[in-house]
Amino acid sequence: KTKNDAKEYAKYLKALKKYRYEFTADDFENEDIKKYYLYYNSIDDCIGFDFDFIRVNNKVLFKSEESCKKFIKEVDEENIKKFMFDIWE
């Protein structure tokens, strides 16, 4: 929407590339490997993360809790709401 949004989006994409993890087909078959993802909690209006052991479709995945936390800290929750969940306030 604005120049500042464009700068923040570029920062978001750079951090996303840095922290997301591309699991292999074997990783998805291995139910012992946690696949972390972010979600938006509309009740508390915040970003959270969780994991699943099976294939998680249509979600950006992270390898660890630490990666999720670092991504959230680097990008900021408001930018994650905008760019990942299309929530513009």
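Residues numbered from 1 in each chain as written. Predicted model: local features only at pLDDT ≥ 70, side-chain atom pairs only at ≥ 80, totals over all residues. Heavy atoms only, no water.

Remarks on the pairing of strand β1 (residues 35-41)
Keep this limit in mind: Strands qualify as paired when DSSP identifies two bridges or more between them. In DSSP terms, a helix is any run of H or I states spanning at least four residues, a strand is any run of E spanning at least two, and both are numbered starting from the N terminus.
Both β1 and strand β2 (residues 46-52) contribute to a ladder of seven bridges, which runs antiparallel. By the bridge assignment for β2, Y39 is matched with G48. Linkage of β1 to β2, two consecutive antiparallel strands, is achieved through a turn of four residues, within which D45 is found at a positive phi near 50°. Inspection of the sheet shows β1 paired to strand β3 (residues 61-62) by two bridges, in the antiparallel sense.

Regarding the side chain of S67
As a reminder, the rule being used: Burial classes follow relative accessibility: with a 1.4 Å probe on protein chains only, a residue under 20% of its type's maximum area counts as buried, one over 50% as exposed, and anything between as partly exposed. Note on contacts: a residue pair qualifies if any of its non-hydrogen atoms lie within 4.5 Å across the two residues.
With respect to the helices, strands and loops of the structure, S67 is situated in helix α3 (residues 65-75). Using a relative accessible area of 16% as the deciding quantity, one classes S67 as buried. Residues contacting S67, with those up to four places away along its chain left out, are Y19 and F62.

Side note on the sheet that holds β3
Strand pairing within a sheet occurs via backbone hydrogen bonds; the two strands may be parallel or antiparallel. Spatial ordering of the open sheet is given by β2-β1-β3, a layout of three strands whose pairing is antiparallel. Each edge of the open sheet carries a strand with a single partner, namely β2 and β3.

Here we look at the pattern of salt bridges
In plain terms, the rule: For salt bridges, the criterion is a side-chain nitrogen of Lys or Arg within 4 Å of an Asp or Glu carboxyl oxygen.
A full pass over the atoms with the stated rule returns seven salt bridges. A salt bridge links K69 to E65; the nearest nitrogen and oxygen atoms lie 3.0 Å apart. Remark: E65 and K69 occur in helix α3; sequence separation between them is four residues, near one turn of the helix. Take K69: its relative accessible area is 46%, and that puts it in the partly exposed class. Given the relative accessible area of 35%, E65 is considered partly exposed. When the shortest N-O distance is used, the salt bridge between K70 and E66 registers 2.9 Å. Of the two residues, K70 and E66 are both situated in helix α3; the distance of four residues between them amounts to about one turn of the helix. Accessibility expressed as a relative area gives 40% for K70, which makes it partly exposed. One salt-bridge network, in which partners are shared between bridges, spans D45, E78 and K81.

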